[in-house]
Amino acid sequence: MSRVTKSRVKIQIKSINFNLRTMKKYVCDVCGYVYDPAVGDPDSGIAPGTPFEEIPDSWSCPLCGIGKDSFSVME
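Note that this is a predicted model, so its numbers are computed, not measured. (Residues numbered from 1 in each chain as written. Predicted model: local features only at pLDDT ≥ 70, side-chain atom pairs only at ≥ 80, totals over all residues. Heavy atoms only, no water.)

Undergrad: Is there a simple way to explain the sheet that holds strand 2 (residues 34-35) in this structure?
TA: Adjacent strands of a sheet pair through backbone hydrogen bonds, lying either parallel or antiparallel. Taken together, the three strands give an open sheet; going across it, the order is 2-1-3, and neighbouring strands pair in antiparallel fashion. Bordering the open sheet on either side are strand 2 and strand 3 (71-73), each of which pairs with just one other strand. Pairing geometry for strand 1 (residues 26-28) and strand 2, over two bridges, is antiparallel. Paired with Tyr-26 across the two strands is Tyr-35, which belongs to strand 2. (Pairing = 2+ DSSP bridges. Helix = DSSP H or I, 4+ residues; strand = E, 2+ residues; numbered from the N terminus.)

Structure follows, in structure tokens:
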């Protein structure tokens, strides 16, 4: 069993936080809903930390129901 040090855990947490901040948000072109990977879409089974690219193609906007292909990268 490997030994985990406090400093290693802190580095891993900082890395996770950095990744969540740098993941791109996507906006629905129809209604303006913003998909934030840090939040995910728990009501649709999308866990926090899930990048937009990893969401199933069958997923749809929780507000207007439009498909994933109608989202654009938020600038």
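Undergrad: Which parts of the structure should I look at to understand the side chain of Asp-41?
TA: With respect to the element layout, Asp-41 can be found in the loop between strand 2 and strand 3. One buried charged residue, Asp-41, remains without a salt bridge, the closest side chain of opposite sign being Lys-68 at 12 Å. Reaching out from Asp-41, the side chain makes a polar contact with the side chain of Trp-59 at a distance of 2.9 Å. In this structure Asp-41 touches Tyr-33, Tyr-35, Ile-46, Trp-59 and Pro-62, once residues within four positions along its chain are discounted. (Buried < 20%, exposed > 50% of the residue type's maximum accessible area, 1.4 Å probe, protein only. Lys, Arg positive; Asp, Glu negative; His and termini not counted. Salt bridge = Lys/Arg side-chain N within 4 Å of Asp/Glu carboxyl O. Polar contact = N/O pair within 3.5 Å; in protein donor to acceptor, adjacent residues only side chain to side chain. Contact = heavy atoms within 4.5 Å.)

Undergrad: Looking at this structure, how should I read the environment of Phe-71?
TA: Structurally, Phe-71 can be placed in strand 3. In this structure Phe-71 touches Tyr-26, Val-27, Cys-28, Asp-29, Tyr-33, Tyr-35, Phe-52, Trp-59, Cys-61 and Ile-66, once residues within four positions along its chain are discounted.

Any link to function would need more than the numbers given here.
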